[in-house]
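Spelled out from the first residue to the last, the chains are:
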Amino acid sequence: MAQHAFPEAWMARALTLARRGCYTTDPNPRVGCVLVKERRVVGEGWHERAGEPHAEIHALAAAGEQARGATAYVTLEPCAHQGRTGPCALALAEAGVARVEVAMQDPNPRVAGRGIARLREAGIEVAVGLLEEEALALNPGFVMRMSHGRPFVRLKMAMSLDGRTAMRSGESQWITGPHARREVQRLRARSSAILTGVESIIFDNARLTVRPEQLELPGGEALAARQPLRVVVDSRLRLPLAAACLREPGRTLVATLADHEPERRERLQAAGAEVVAMPAGPDGRVDLDALLHHLAEAEQANEVLLETGATLAGAMLEAGLIDEMQLFVAPTLLGGEARPLFELPGLTLMAQQKGLEILDIRAVGNDWRITARPRRRMVAES
């Protein structure tokens, strides 16, 4: 029987390894590699953090001489360029690997087929596409940034059973329970940036940080050392100078309009904020699409977690800038005076409703988590 007779199982193992880097590889992709010879794993590895050896290098080091003649199962096309680490395609060739199974081609223009071509030039047999869908799901932000020039945006909101997110006063802590809050911490930890509106800071004084005691993950203290970038959309520079997010570890970026209140900008910068001027959108506020492209280019942001109120959430939804929703639903009612999930002005007809595709529903403690994505075009039912 050929040594690659169980390719799905070996690639599934490589994907499992890659997931170990979920919280640590940013801005690089999560990648796993398994080396198989005579139906036996002889080496495996994953990319642990940016700037350190890639998955293939770890696997080759573990295999040693047994890598010669082996098949490598890699979740992402091996790189062919010299970055902070050497080209993995060359390392595989020099180690004498006979065959490489690649789950997906690298969307990075610096690679984009070059690694595969280099392997084939070295006489290595290469196949592409094994468990490709699973590999794509592993790195939604990296794929989005490389393919479309903006991060993958994941909206997180907590709501009552009647779809309310806060009392009329803005009070919102706590709707959901500790299990849901743990999941939110993990969403923060895997994200490049957390995006919010200034009103969320004004009403909640949110810190928007990863808190190791709530992560409940091995090495939580080390994971929390890399705080995601905090981004506040603040068109009129209303962020309080005493905001808690300005005193927390990590960076706080305030996105405002160009040439708006230079004195106020200087005071915010003195308080610890980084202020970036953005163009105005059609509504006269910060252009959200331009902001996302800025985060991708200037900050190498792969995944952005949108934690905000109804106004910014509605604006992002209307602009088609939300890729996934994580909605935590608590078994409680807040009533008609409480704040809604989205502000969507102008919706008056059923034909205008915003359709969602439900991807997953599961219990999280006493709450429920709904994973969904917006339908880009609502199809009216007859």
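Here the structure is a predicted model, which means the values were calculated and not measured. (Residues numbered from 1 in each chain as written. Predicted model: local features only at pLDDT ≥ 70, side-chain atom pairs only at ≥ 80, totals over all residues. Heavy atoms only, no water.)

Which parts of the structure should I look at to understand the layout of surface pockets?
Empty space among the atoms becomes apparent when a probe as large as a water molecule is rolled across them. In this structure, the second largest pocket occupies an estimated 960 Å³ of space. For the second largest pocket, the lining is made up of 28 residues, of which Ala 137, Pro 140, Arg 154, Arg 190 and Glu 324 are closest to its centre. If you list the elements that add at least two residues to the lining of the second largest pocket, you get α5 (132-138), α6 (140-148), β6 (152-160), α7 (178-190), β13 (324-330), β15 (356-364) and β16 (367-374). A class-by-class count of the residues in the lining of the second largest pocket yields 11 nonpolar, two polar and 15 charged. (1 Å grid on protein atoms, 1.4 Å probe; cavity = no way out; pocket = protein on both sides within 12 Å on 5 of 7 lines; lining within 4 Å. Points joined across faces, edges and corners; volume = space filled by probe spheres on them. Helix = DSSP H or I, 4+ residues; strand = E, 2+ residues; numbered from the N terminus. Nonpolar A, V, L, I, M, F, W, Y, C, P; charged D, E, K, R; others polar.)

When you look at helix α13 (residues 310-318) in this model, what are you seeing that I'm missing?
Spacing of three or four residues puts side chains on the same side of an α-helix, whose turn is 3.6 residues. Residues of α13 that are buried: Ala 310, Leu 312, Ala 313, Gly 314, Met 316 and Leu 317. Immediately downstream of α13, the backbone of Gly 320 shows phi near 70°, a positive value. (Buried < 20%, exposed > 50% of the residue type's maximum accessible area, 1.4 Å probe, protein only.)

Mind showing me how you'd approach the confidence of the model for the chain here?
Low pLDDT marks stretches whose predicted atomic positions should not be read closely. Per-residue confidence for the chain gives a mean pLDDT of 91, with 95% of residues at or over 70. Every residue in residues 377-382 is under pLDDT 50, and counting partners more than four places away or in other chains gives two contacts. (pLDDT = per-residue confidence, 0-100. Contact = heavy atoms within 4.5 Å.)

In this structure, what is going on with the sheet that holds strand β9 (residues 229-233)? I would like to understand it.
Picture the strands of a sheet paired through backbone hydrogen bonds; they go either parallel or antiparallel. Pairing is mixed across the open sheet formed by nine strands, whose spatial order is β11-β10-β9-β8-β12-β6-β13-β16-β15. Each edge of the open sheet carries a strand with a single partner, namely β11 (274-278) and β15. On average, each strand axis in the sheet is tilted by 25° relative to the strand beside it, whichever way the strands run. Packed on one face of the sheet, α6 meets β6 and β12 (303-306) and runs near 130° to β6. Contacts between helix α12 (residues 288-299) and the sheet are confined to β6, β8 (193-197), β9, β10 (252-257), β11 and β12, with β9 contributing the most and set at about 160° to the helix. (Pairing = 2+ DSSP bridges. Axes fitted to C-alpha atoms, helices over the stretch in contact; angles between N-to-C directions.)

Explain the nonpolar core here, please?
Generally speaking, a soluble globular protein has its nonpolar side chains buried in company with each other. By size, the foremost hydrophobic cluster in this structure holds 39 residues, and its most contacted members are Leu 35, Leu 60, Ala 72 and Val 100. For this core, the elements supplying multiple residues, two or more each, are α1 (7-19), β1 (32-37), α2 (55-63), β3 (71-74), α3 (88-94), β4 (99-102), α4 (114-121) and α5. Residue contributions to this core peak at six residues, all from α1. Leaving out residues up to four positions away in the same chain, Leu 60 has contacts with Leu 35, Ala 67, Ala 91, Leu 92, Ala 95 and Val 97. Ala 193, Leu 295, Leu 317 and Ile 370 belong to the second largest nonpolar core, which has 36 residues in total. (Core = buried A, V, L, I, M, F, W, Y, C linked by side-chain atoms within 4.5 Å.)

Could you clarify how one ought to interpret the sheet that holds strand β5 (residues 125-128) in this entry?
Pairing is mixed across the open sheet formed by five strands, whose spatial order is β2-β1-β3-β4-β5. The two strands at the open ends of the sheet, each matched to only one other strand, are β2 (40-46) and β5. When the angles between neighbouring strand axes are averaged without regard to direction, this sheet yields 15°. Direction of pairing for β1 relative to β3: antiparallel, over a ladder of four bridges. Paired with Leu 35 across the bridge in β3 is Ala 72. Along the sheet face, α2 touches β1, β2 and β3 and points at about 140° away from the line of β2.

Whenever I open this one, the pairing of β9 confuses me. Can you help?
On any regular strand, side chains alternate: one points to one face of the sheet, the next to the other face. The buried fraction of β9 is high, at five of five residues. With burial as the criterion, each face of β9 is covered, one bearing Leu 229, Val 231 and Val 233 and the other bearing Arg 230 and Val 232. Bridge count for β8 against β9 is five bridges, and the pairing is parallel. Bridging from a neighbouring strand, Thr 196 pairs with Val 232 of β9. Note that β9 and β10 share four bridges and pair parallel. By the bridge assignment, Arg 230 is partnered in β10 with Thr 252.

I would appreciate a short explanation of unusual backbone geometry in the present structure.
Where the residue is not glycine, phi is negative for most of them; where a peptide bond is considered, it is trans in most cases. Here Asp 26 and Pro 27 are connected by a cis peptide whose omega angle stands at 5°. Positive phi is not limited to glycine here, since Glu 38 has a value of about 55°. Tracing the backbone through its elements, the reader meets Glu 38 in the loop between β1 and β2. Overall, Glu 38 belongs to the exposed group, its relative accessible area being 68%. Positive phi values are uncommon outside glycine, yet Ala 112 reaches one of about 35°. Of note, Ala 112 is situated in the loop between β4 and α4.

Which parts of the structure should I look at to understand the pairing of β4?
Here β4 shows no split at all, with Arg 99 and Glu 101 on one side and Val 100 and Val 102 on the other all buried. Relative to β4, β3 runs parallel, the two being bridged by four bridges. When the sheet's bridge partners are listed, Val 74 is paired in β4 with Val 102. Relative to β5, β4 runs parallel, the two being bridged by four bridges. Across the sheet, Val 102 pairs through a bridge with Val 128, a residue of β5. In this fold, the crossover linking β4 to β5 by way of α4 has right-handed handedness. (Right-handed = clockwise from strand over helix to strand, strands pointing away.)

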